[in-house]
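Coordinates in review
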Amino acid sequence: MKRLLFTICGLLFLWGEADARRLTLVDAIRMAQAYSPEAQAAEHTYRAAYWSYRSFRANYLPEVNLVSSPYLNRQINRVTQPDGTEQFIRQNQLITDVGLQISQNVWFTGGNLFVQTSTQRMDELGSNLTSYNSLPVTVGYQQSLFGYNSLKWDRRIEPVRFREAKKTYAETLELIASKTCELFFALATAQANLDIARSNYASADTLYRYARGRYNIGSITENEMLQLEVNRLNEETNMMKARIEVEDAMLTFRSFLGIREETEIEVMEGDSVPQFEVPLGEALEQAYRNSPDPDTYRRLKLESRSALAQARASRGLKADLYLQFGLSQTADRLKDSWRDPLDQQYVSLSLVVPILDWGRGRGKVRVAKSNVALVETQTEQDMNDFELNVRKMVRQFNLQARQVEVAARTDETARRRYEVALRLYLMGKSTVLDLNAAISEKDTARRNRIEAMKTYWTLYYGLRSMTQYDFERGCPITDNLPEI
């Protein structure tokens, strides 16, 4: 459903009108999270993690297999005779079989338990003799007694890895939103600069024409008229530069949104921001609960301990146990081979005792221990940095809304001052230097207002990415993830 809404939104804004498409920040973020190459890559990464997790869970479920391995034997082989001697005899046999096997991994021991039933047929092609060997039921178990239990460690690591992948996907979408804010306001700044340049050029051209008339009647000096001409030329240059900046910013923005058409975009930065504060304690709580970073550090610790357990297992005694119990019978006819089966047992134990390895196993264990200690130190420092970053971002965000308000008032005041300075200059009550100062303050105030809006929204989505929590609505962001 969300993907359908994103598609409708994209169609409305990209294929609607023939003129420049107006785009708000919210619309741009929706499009970026749905269509941008970064969003597509994040979705594929999360999908791969999902199926990897499904595959991991399947390792702990029963497995059913139909097995068969027929073969034809037409060659001279060495065959042991009843009296113990061996002779080379030409054999001409066709062996066919079929079996059904059910197996189950036992995660807490690392072994494998299986139950199977099978039938084998042997045809002597030269003598036209046929015999059957049936195993109605066979129960077996195999495992490494002192080896590395990958099933146990995967059971600890893989759920953390998948939880980390899910949170990372949500974090990536919020980082995409933050990047969208940067590019959105970069285009807004470029378009504002172009509007400023056009307005200033129009004013400079009007003032220059007005100054030439005043100079002809001797009411202003030649220096002042030349200053206005320089201003006019400078504003014309600024207008050309601003036009190039708009084209570059628009190309970058379209590429990030995944728009391949040559569509003109006009961004609407808005005039207000949400007014709310983020409690530091709640932000830290949500960050530790929802951010992928704690899960990343937890996974790294588990992986280092798993590597230590594997190094220890490969160093010492190795023993493999194989047990098989069941029923078996043979006959010349298939139905007879299933009658009165005889019991059979098979037990195998293989041992490997290392005597001399020149310290190789001990070295692997020490390296693994050092890696465990290193990971512990690094993750502890990373967690401290993580908390520090959350505190810093919360403090900056809570102050930024006021800065946006101050920047907006400064922009309005500077614009009004410019209008007053322009009237005073036209009335001959101020100099061109005063007018230039008012123009500079007006342009700077407008740029600062856009920059303040950019900082606010970048912090807004940056804080959402670190905490995975929507403080404005009071709900976790992962609750609204698109379905994979």
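The paragraphs below set out a description of the structure included in this document. These numbers come from a predicted model, not from an experiment.

Focus on the state of the cysteines
Covalent bonding between the sulfur atoms of two cysteines defines a disulfide. On inspection of all chains with the given rule, the structure shows zero disulfides. For C475, which is in no disulfide, the shortest distance to another cysteine sulfur is to C181 and amounts to 18 Å.

Some thoughts on a nonpolar patch on the surface
Taken together, the side chains of V64, L66, V98, L100, I102, L113, V115, V137 and V139 present a nonpolar region at the surface, about 720 Å² in accessible area. Counting residues per element, the nonpolar patch draws most heavily on strand β4 (residues 86-106), which supplies three residues. Assignment of secondary structure puts V139 in strand β6 (residues 129-144). By relative accessible area, V139 is classed as partly exposed at 36%.

Looking at the packing of helix α6 (residues 280-290) against helix α8 (residues 360-426)
In the contact formed by α6 and α8, the axes pass within 10 Å of each other and the chain directions differ by 140°. Considered as vectors, α6 and α8 are oriented oblique to each other. The crossing of α6 and α8 is right-handed. Each of L280, A283, L284, A287 and Y288 in α6 lies in contact with α8, whose residues at this interface are M383, F386, E387, V390, R391 and V394. A breakdown of the residues in the contact of α6 with α8 according to their chemical character gives nine nonpolar, no polar and two charged.

Remarks on the packing of helix α2 (residues 25-35) against helix α4 (residues 150-216)
At a minimum axis distance of 9 Å, the contact between α2 and α4 shows a crossing angle of 130°. With respect to their mutual orientation, α2 and α4 come out oblique. Here the hand of the crossing between α2 and α4 comes out right-handed. Along its contact with α2, which presents L25, A28, I29, A32 and Q33, the element α4 presents L173, E174, I176, A177, T180, C181, F184 and F185. Its residues assigned to classes, the contact of α2 with α4 comprises 10 nonpolar, two polar and one charged.

How each quantity is defined
- Residues numbered from 1 in each chain as written.
- Predicted model: local features only at pLDDT ≥ 70, side-chain atom pairs only at ≥ 80, totals over all residues.
- Heavy atoms only, no water.
- Disulfide = S-S within 2.5 Å.
- Patch = residues over 30% accessible without salt bridge, like charges linked within 9 Å, V, L, I, M, F, W, Y side chains within 5 Å.
- Areas by Shrake-Rupley, 256 points an atom, 1.4 Å probe, with all protein chains shown as cover.
- Salt bridge = Lys/Arg side-chain N within 4 Å of Asp/Glu carboxyl O.
- Helix = DSSP H or I, 4+ residues; strand = E, 2+ residues; numbered from the N terminus.
- Buried < 20%, exposed > 50% of the residue type's maximum accessible area, 1.4 Å probe, protein only.
- Axes fitted to C-alpha atoms, helices over the stretch in contact; angles between N-to-C directions.
- Parallel < 35°, antiparallel > 145°, perpendicular 65-115°, else oblique.
- Left-handed = near helix turned anticlockwise from the far one by under 90°.
- Contact = heavy atoms within 4.5 Å.
- Nonpolar A, V, L, I, M, F, W, Y, C, P; charged D, E, K, R; others polar.

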